[in-house]
Amino acid sequence: MKPGLSLRVSQHLALTPQLQQSIRLLQLSTLELSQEVEQMLDENPFLEMATEEAVREDFGLERADTPAEGDPYGAEDGQFSSADNASLASAEGQKDQDFSSVESDLPHDWEGDGSVDMSTYDDAEWGGEAPARGSRSDDEDAPSALELAGVHESLTDFLHRQALSLRLSEVDRCALRFLIENLNDDGYLDDSLEALAVGLAGTEDLEQLEELVHRFTVALRLLQSLEPVGVGARDLSECLRLQLLYLQQQEQGSELLEVALQLCQQPLEMLARRDVRKLMQACGLPEAKVRAALGVIARLEPKPGRRFADVERHVVVPDVIVKKTARKGADGQAQFSVQLNADVMPRLRVHEIYAGALRGHKGAEGHAGLQQRLQEARWFIKNVQQRFDTILRVSKAIVDRQKNFFIHGELAMRPLVLRDIADELGLHESTISRVTTAKYMSTPHGTYELKFFFGSGLGTETGSNASSTAVRALIKQFVAAENAKKPLSDSQIAEMLKEQGIECARRTVAKYREALKIAPANLRKAL
């Protein structure tokens, strides 16, 4: 094949670095954006945070030591006049005279009224180098009272503290400590005693292995006698039995606890399903006793270590704040103001001193690289501003479309998809998806993610659509008002929705119920 040259015209879309950064910033959450801003501030010297304080360079170094304007103590030339000096000196002399007259009126042997021990004070305590009262100069790292109050005590620390009060030999104390360290967060011992012994000593010396299993067995009994009750159990059934045995010690001769212990010996699947009929057949007990015992078991704690779990609380900071205004619209309905949360908006600006120095040294070595960094700083500021502008535009469009929600709540939610907002604002659906992900709106009914306001529609008898969010709220309302002894099934809920004019299949009801984390009817039934 003979080589040759040819010309061809084609079009292709290339994402510039500025556009790539704009897309990436748009999909970041508030926390991720703050981390990105901190990284840019560290990397780019032309970028700085704008503060509310007066800029020092605006005044110049030559005026740094001059008195402020309107100084009541200075004349126009910034110095005290002789008349002012005389008046100040006379005033100070009058104060000294008054103070000396007060001292002369006191008896020479007067040492106070007894309310304060003056002997504990000396002149050094009133000087500039005096330590603060209540400070501990000998221990600077000592925690404060607020820090001690906020310290979280884990389950293992709580158990170790109880173990210190037991009189044990060194071997038993070590075995108990080993078992405590092998508990999971719920307070269960996941591994068997044999597995723990093998992991510690191996399988070569069988005599030593048996000795370890014996020590662990003794330590397990000690562990299960500690609080919280049920700790150290190998499974849920043993955990429930330990708690029932503890209640038996508190209430001697309780027949109901005996029945509950018999039920805990049955398969846990029967207890979870509350299959009263099979439990009656397995235990040979009347229905009333079985139901009463199930009520006792339901009040037990399946996870003894739950209250020691260090759950990190995530505080959601809204990006947009919606407030109800006093004025009403032309239709007589309430109006809402939509504004960005100023606390999450970084106040960025270009460092004017560095930028001015760069402008004054054009053509110097490295000027091109620094000019590129300056341009990157300007791009970043523009992209951050564009991100918040887009979030505000989308939020205003959502509020306009879902105004009934802000007035009446979830039941008034309308069907809304991303395409509706995209067509209204002239943006792409992917842009709306990025804006509504991990962005939150504070409303009079609570704080919600922007995606919450979007939902598919279900057909109604009138030919219109009902929002899936409103249907879920209606299902939640039905379940909250149901008879606890006769809970509503998914089919009954579907029929109730049909009576409201909403066509919703039983499988759709089951899907919405599971999304709301509502148990099925057989598990919601009260005993």
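Residues numbered from 1 in each chain as written. Predicted model: local features only at pLDDT ≥ 70, side-chain atom pairs only at ≥ 80, totals over all residues. Heavy atoms only, no water.

Digging into the overall build of the protein
Here is step 1 of the chain: Looking only at helices and strands, one finds 22 helices and eight strands in the protein.
Here is step 2 of the chain: The buried share among the 527 residues of the protein stands at 31%.
Here is step 3 of the chain: For the protein, the share of sequence-separated contacts (at least 6 apart) that also reach a separation of at least 24 residues comes to 60%.
Here is step 4 of the chain: With an accessible surface of roughly 35,300 Å², the protein has 50% of that area assigned to carbon and sulfur atoms. (Helix = DSSP H or I, 4+ residues; strand = E, 2+ residues; numbered from the N terminus. Buried < 20%, exposed > 50% of the residue type's maximum accessible area, 1.4 Å probe, protein only. Contact = heavy atoms within 4.5 Å. Areas by Shrake-Rupley, 256 points an atom, 1.4 Å probe, with all protein chains shown as cover.)

Side note on the pattern of salt bridges
Here is step 1 of the chain: Across all of its chains, the model carries 13 salt bridges by this definition.
Here is step 2 of the chain: One salt bridge in this structure joins Arg 524 and Glu 482, with 2.9 Å as the shortest N-O distance. With Arg 524 in helix H22 (residues 521–524) and Glu 482 in the loop between helix H19 (468–480) and helix H20 (490–499), this pair connects stretches of sequence that are 42 residues apart.
Here is step 3 of the chain: You can call Arg 524 buried: its relative accessible area is 16%.
Here is step 4 of the chain: A relative accessible area of 18% places Glu 482 in the buried class.
Here is step 5 of the chain: Here the residues in one salt-bridge network are Asp 172, Glu 211 and Arg 215, joined through shared partners. (Salt bridge = Lys/Arg side-chain N within 4 Å of Asp/Glu carboxyl O.)

Let's talk about the sheet that holds strand E2 (residues 320–328)
Here is step 1 of the chain: Strand order in the open sheet made by the four strands is E3-E2-E5-E6, with mixed pairing throughout. The two strands at the open ends of the sheet, each matched to only one other strand, are strand E3 (334–340) and strand E6 (446–449). Averaged over all pairs of adjacent strands, the angle between strand axes in this sheet comes to 30°, irrespective of strand direction.
Here is step 2 of the chain: Here two bridges tie E2 to strand E5 (residues 440–443), and the two strands are oriented parallel to one another. (Pairing = 2+ DSSP bridges. Axes fitted to C-alpha atoms, helices over the stretch in contact; angles between N-to-C directions.)

Considering the layout of surface pockets
Once rolled over the atoms, a probe with the size of a water molecule shows which space is left empty.
Here is step 1 of the chain: Within this model, the largest pocket holds a volume of roughly 320 Å³.
Here is step 2 of the chain: Looking at the largest pocket, it is lined by twelve residues, and the ones nearest its centre are Leu 240, Leu 271, Ala 272, Ile 297 and Ala 298.
Here is step 3 of the chain: For the lining of the largest pocket, the elements supplying multiple residues, two or more each, are helix H9 (236–250), helix H11 (268–273) and helix H13 (287–298).
Here is step 4 of the chain: Residue composition of the lining of the largest pocket, grouped by class: eleven nonpolar, no polar and one charged. (1 Å grid on protein atoms, 1.4 Å probe; cavity = no way out; pocket = protein on both sides within 12 Å on 5 of 7 lines; lining within 4 Å. Points joined across faces, edges and corners; volume = space filled by probe spheres on them. Nonpolar A, V, L, I, M, F, W, Y, C, P; charged D, E, K, R; others polar.)

Notes on a negative patch on the surface
Here is step 1 of the chain: Together, Glu 204, Asp 205, Glu 207 and Glu 210 line one region of the surface with negative charge.
Here is step 2 of the chain: Along the chain, Asp 205 turns up in the loop between helix H7 (193–201) and helix H8 (206–224).
Here is step 3 of the chain: The exposure class assigned to Asp 205 is partly exposed, which follows from its relative accessible area of 39%. (Patch = residues over 30% accessible without salt bridge, like charges linked within 9 Å, V, L, I, M, F, W, Y side chains within 5 Å. Lys, Arg positive; Asp, Glu negative; His and termini not counted. Charge placed at Lys NZ, Arg CZ, Asp CG, Glu CD.)

Digging into helix H18 (residues 429–436)
Here is step 1 of the chain: Every buried residue belonging to H18 is among Thr 431, Ile 432, Val 435 and Thr 436, and all of these are buried. All buried residues of H18 lie within an arc of 125° about the axis, which places them on one face of the element.
Here is step 2 of the chain: Looking at the packing, one finds that the buried side of H18 touches helix H1 (17–26), helix H15 (367–401), helix H17 (418–425) and E6. (Arc of directions from axis to C-beta.)

Quick look at the confidence of the model for the protein
Here is step 1 of the chain: A residue-level look at the protein finds 78% of positions with pLDDT of 70 or above and a mean pLDDT of 79.
Here is step 2 of the chain: Counting contacts from residues 95–140, a segment whose pLDDT is below 50, to residues more than four positions away or on other chains yields nine contacts. (pLDDT = per-residue confidence, 0-100.)

A short note on unusual backbone geometry
Here is step 1 of the chain: Here the amide bond leading from Glu 227 into Pro 228 is cis, since omega sits at 0°, within 30 degrees of zero.
Here is step 2 of the chain: Locating Pro 228 in the fold gives a position in the loop between H8 and H9.
Here is step 3 of the chain: In this model, Arg 274 sits at a positive phi of 55°, which is unusual for a non-glycine residue.
Here is step 4 of the chain: By the secondary structure assignment, Arg 274 is in the loop between H11 and helix H12 (276–283).
Here is step 5 of the chain: When its relative accessible area of 28% is taken as the criterion, Arg 274 is described as partly exposed.

Description of the environment of Glu 210
Here is step 1 of the chain: Note that Glu 210 resides in helix H8.
Here is step 2 of the chain: What makes Glu 210 exposed here is its relative accessible area of 60%.
Here is step 3 of the chain: Linking Glu 210 and Ala 197, residues 13 residues apart in sequence, is a C-alpha distance of 8.3 Å.

A look at a nonpolar patch on the surface
Here is step 1 of the chain: A surface patch of nonpolar side chains, about 320 Å² in accessible area, is lined by Leu 13, Leu 15 and Leu 19.
Here is step 2 of the chain: Of note, Leu 13 is situated in the segment before H1.

Describing the side chain of Gln 243
Here is step 1 of the chain: Take Gln 243: it is sitting in helix H9.
Here is step 2 of the chain: A polar side-chain atom of Gln 243 sits 2.6 Å from the main-chain carbonyl oxygen of Glu 301.
Here is step 3 of the chain: In contact with Gln 243, not counting residues within four places along its chain, are Val 229, Gly 230, Leu 300 and Glu 301. (Polar contact = N/O pair within 3.5 Å; in protein donor to acceptor, adjacent residues only side chain to side chain.)

Points about the packing of aromatic side chains
Here is step 1 of the chain: One pass over the structure, following the stated rule, counts eleven aromatic pairs.
Here is step 2 of the chain: Here the aromatic rings of Phe 336 and Phe 406 are separated by 5.6 Å at their centres, their planes lie at 45°, and the arrangement is tilted. One end of the pair, Phe 336, is in strand E3; the other, Phe 406, is in helix H16 (residues 403–408), and 70 residues separate them in sequence. For the pair Phe 336 and Phe 406, one class covers both residues: buried.
Here is step 3 of the chain: Ring pairing ties together the aromatic residues Phe 336, Phe 405, Phe 406, Tyr 448, Phe 452 and Phe 453, which thus form one cluster.
Here is step 4 of the chain: Between the NZ or CZ atom of Arg 387 and the centre of the ring of Phe 388, over which it lies, the distance is 5.0 Å. (Phe/Tyr/Trp six-rings, centres within 6.5 Å; stacked < 30°, edge-to-face > 60°. Lys NZ or Arg CZ within 6 Å of the ring centre and 35° of its normal.)

Some thoughts on the pairing of E6
Here is step 1 of the chain: In this structure, E5 lies alongside E6, joined through four bridges in antiparallel fashion. Bridging from a neighbouring strand, Tyr 440 pairs with Glu 449 of E6.
Here is step 2 of the chain: Between E5 and E6, which pair antiparallel in sequence order, lie two residues.

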